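Summary of the model geometry
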Amino acid sequence: MSVPHRSALSERVLRHFADRYGPWEAMGGTYKMTSRGAWATSRPEAVLRFFHELGLDRCRLFGDLGCGDGVAVCGAALFTHAVGIEADPELCRQARENARALGLGHRTAFICGDFLDLRLDPFDVLYIYPDKPLDALTTKLRGWSGILLVYGPHFAPHGRPLLRRCTWERETLSVYALGETSPEHVLAENSHIC
């Protein structure tokens, strides 16, 4: 299957991460343990499909909370400006290198730190592939207005209604509107989130 409206750059992103992940997948998967928990990668083709379907190009600033090696940030940078926040210094270094190798340095930034210690109000859309319940994040986001994208089926923010779920093959992306963000435009199929 292919990403709708693929560009030469999106093909480059997919090829770059396919080359990067090939050896890891042969050894059992693209994940590792960090000092903050487990890291596993989002599937590049899935995030590109989801971001296209949701109209990420209408968003002002995308933030990836726990960006790992930057796959979702590099995918988001094809649509909007994107910032990755990663506590693991080695993964943060890899994320910067991946963005640089793809020529996306002008549309990306990376912060090596814990997103729970940072201001998140500049972002209108946040993305997370959680390895644990989202209680601390939900508390952190009190008063924040925007769209929260949760990759994978494992954890949902407590007390937040699911507005929309995107699926592709075995991958899922759940969409939540927080604060004063109006959920109506997020609910319709093929509607945009920003």
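Below is a short write-up of the structure.

1. Some points on the sheet that holds strand E5 (residues 108-112)
Taken in spatial order, the seven strands line up as E5-E4-E3-E6-E7-E9-E8 in an open sheet, and their pairing is mixed. Each edge of the open sheet is held by one strand with a lone partner, namely E5 and strand E8 (164-168). Adjacent strand axes in the sheet meet at a mean angle of 20°, parallel and antiparallel pairs treated alike. Here strand E3 (residues 61-65) pairs with strand E4 (residues 81-86) via five bridges, running parallel. Note that in E4 the partner of Leu61 across the bridge is His81. Those strands touched by helix H2 (residues 44-53) are E3, strand E6 (125-128), strand E7 (146-151), E8 and strand E9 (171-178), and its axis lies near 140° from that of E8. Strands E4 and E5 of the sheet are contacted by helix H4 (residues 89-101), whose axis makes an angle of about 170° with E5.

2. Things to note about the nonpolar core
Counting 39 residues, the largest nonpolar core has Phe51, Leu56, Phe62, Tyr127, Leu149 and Leu173 as the members making the most contacts within it. Put simply, the parts of the chain that give this core at least two residues each are helix H1 (8-26), H2, helix H3 (71-76), H4, E6, E7, E8 and E9.

3. Description of H2
Side chains that are three or four residues apart share a direction in an α-helix, a result of its 3.6 residues per turn. Buried residues dominate H2, accounting for eight of its 10 residues. Residues of H2 that are buried include every one of Pro44, Glu45, Ala46, Val47, Leu48, Arg49, Phe50 and Phe51, and no others.

4. Thoughts on the environment of Thr30
Mapped onto the elements, Thr30 comes out in the loop between H1 and strand E1 (31-34). For the pair Thr30 and Ala40, spaced 10 residues apart in sequence, the C-alpha to C-alpha distance is 5.8 Å. For Thr30, the residues in contact, after removing those within four places along its chain, are Tyr21, Trp24, Glu25, Trp39, Ala40 and Thr41.

5. Quick look at the pairing of E6
Of the two faces of E6, the one carrying Val125 and Tyr127 and the one carrying Leu126 and Ile128 are both buried. Here three bridges tie E3 to E6, and the two strands are oriented parallel to one another. Among the inter-strand pairings, Gly63 is bridged to a residue of E6, identified as Leu126. As paired strands, E6 and E7 are joined by four bridges and run parallel to one another. If you follow Leu126 over to E7, its bridge partner there is Leu148. Taking the sense of rotation as the criterion, the β-α-β connection linking E6, helix H5 (residues 135-140) and E7 turns out right-handed.

6. Things to note about the side chain of Arg164
Relative to the helices and strands, Arg164 resides in strand E8. At a separation of 3.2 Å, a polar atom in the side chain of Arg164 contacts the side chain of Glu53.

7. Digging into the state of the cysteines
Taken as a whole and assessed by the stated rule, the structure comprises zero disulfides. You can see Cys112 has no disulfide; the closest cysteine sulfur is in Cys92, sitting 4.2 Å from it.

8. Here we look at unusual backbone geometry
The backbone phi angle of Glu169 is positive, close to 50°, even though this residue is not glycine. Note that Glu169 resides in the loop between E8 and E9.

Conventions adopted
Residues numbered from 1 in each chain as written. Predicted model: local features only at pLDDT ≥ 70, side-chain atom pairs only at ≥ 80, totals over all residues. Heavy atoms only, no water. Pairing = 2+ DSSP bridges. Helix = DSSP H or I, 4+ residues; strand = E, 2+ residues; numbered from the N terminus. Axes fitted to C-alpha atoms, helices over the stretch in contact; angles between N-to-C directions. Contact = heavy atoms within 4.5 Å. Core = buried A, V, L, I, M, F, W, Y, C linked by side-chain atoms within 4.5 Å. Buried < 20%, exposed > 50% of the residue type's maximum accessible area, 1.4 Å probe, protein only. Right-handed = clockwise from strand over helix to strand, strands pointing away. Polar contact = N/O pair within 3.5 Å; in protein donor to acceptor, adjacent residues only side chain to side chain. Disulfide = S-S within 2.5 Å.

By themselves these figures say nothing about function.
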